[in-house]
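# Per-entry structural report
This is what each chain is made of:
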Amino acid sequence: AGFAYRMSAFKDSRRLAVLGAAFTLSRRGAPRLGYQDLQSAAAAGESLGTPSEVACAVRAIRMRKFPDLSKEGTAGSFFKNPVVSSARTEELLARYPELPHFPQDGGAAKISLAWILDHALSLKGHAVGGARLFERQPLVIATDATATARDVESLAEEIAERVRAATGITIEREVETFMR
């Protein structure tokens with residue numbers, strides 16, 4: 001219990017720590033290919049029948065979506081994809097018919113924030129100081145050697161405000177920061 005999309009009790013409490021884990025694995029498990037990029041890889045003919053093949057494909061996908069860490073910094077995906085009500089989903093789809101969305105329990109939908117940042121707001125590559133939304137995946141904030149924590153914080157705040165103003169959605173951070 002206490003687990004949800006990119007959330008757990010471990011993020012809510014600094015007093016908790018994982019000290020061990022136990023897994024039950026199946027020799028006959030089938031890979032889950034629900035992730036859109038994996039579906040695209042399979043449609044392109046990539047073999048994804050074994051856990052090893054899926055792991056290789058996921059690593060290749062992530063390498064394309066993240067900066068070269070030998071040249072710049074990142075904390076990974078900075079923002080969560082928002083989950084919105086069915087009414088808000090319908091409003092957004094009326095304005096942005098191509099907006100990727102994924103049904104959730106209770107009629108809600110998870111909305112592609114990367115799509116909103118790129119297609120609705122044209123913010124890929126948008127920068128504040130040495131921090132910017134990564135050109136290949138705008139959920140990622142990339143930093144060059146000149147970036148400060150204030151640059152990252154200012155960029156994140158600006159992005160959140162622009163998304164709220166354009167869509168009415170209040171986005172959440174995935175990365176924990178201590179400047180706010």
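That block above? That's the structure.
Residues numbered from 1 in each chain as written. Predicted model: local features only at pLDDT ≥ 70, side-chain atom pairs only at ≥ 80, totals over all residues. Heavy atoms only, no water.

## Describing the nonpolar core
Phe-79, Leu-117, Ile-141 and Ile-159 are the most contacted members of the largest nonpolar core, which totals 29 residues. Counting only elements with at least two residues in this core, the list comes to helix 4 (86–95), strand 4 (109–111), helix 5 (113–120), strand 6 (131–133) and helix 6 (149–167). If near-sequence neighbours (up to four positions away) are discounted, Ile-159 is found in contact with Phe-79, Leu-117, Leu-123, His-126, Leu-133 and Ile-171. The next biggest cluster of nonpolar side chains, apart from the first, holds 6 residues, and it includes Leu-38, Leu-48, Val-54 and Ala-57. (Core = buried A, V, L, I, M, F, W, Y, C linked by side-chain atoms within 4.5 Å. Buried < 20%, exposed > 50% of the residue type's maximum accessible area, 1.4 Å probe, protein only. Helix = DSSP H or I, 4+ residues; strand = E, 2+ residues; numbered from the N terminus. Contact = heavy atoms within 4.5 Å.)

## Description of the pairing of strand 7 (residues 140–143)
Residues Val-140 and Ala-142 of strand 7 are buried on one face, and the alternating residues Ile-141 and Thr-143, pointing to the opposite face, are buried as well. Of the pairings in the sheet, the one linking strand 1 (residues 73–77) to strand 7 comprises 3 bridges and is antiparallel in character. Looking across to strand 7, one finds that Ser-77 is bridged to Val-140. Judged from the 3 bridges that link them, strand 6 and strand 7 form a sheet pairing that is antiparallel. (Pairing = 2+ DSSP bridges.)

## Some thoughts on the packing of aromatic side chains
Evaluated as defined, the whole model comprises 2 aromatic pairs. Relative to Phe-79, the ring of Phe-78 lies with its centre 5.1 Å away and its plane at 70°, an arrangement referred to as edge-to-face. Comparing Phe-78 with Phe-79, the two get one shared label, buried. For the ring pair Tyr-96 and Trp-115, a centre distance of 5.9 Å and an interplane angle of 70° mean the geometry is edge-to-face. Within this pair, whereas Tyr-96 is found in the loop between helix 4 and strand 3 (101–103), its partner Trp-115 is found in helix 5, the two being separated by 19 residues in sequence. (Phe/Tyr/Trp six-rings, centres within 6.5 Å; stacked < 30°, edge-to-face > 60°.)

## A few points about the sheet that holds strand 2 (residues 83–84)
Paired through backbone hydrogen bonds, the strands of a sheet run either parallel or antiparallel to each other. In spatial order, the strands read 2-4-3; together these 3 strands make up an open sheet with antiparallel pairing. Each having just a single partner strand, strand 2 and strand 3 make up the two edges of the open sheet. Here strand 3 pairs with strand 4 via 3 bridges, running antiparallel. Bridge pairing links Phe-102 to Lys-110 in strand 4.

Fair warning: the whole summary comes from geometry, so function is off the table for now.
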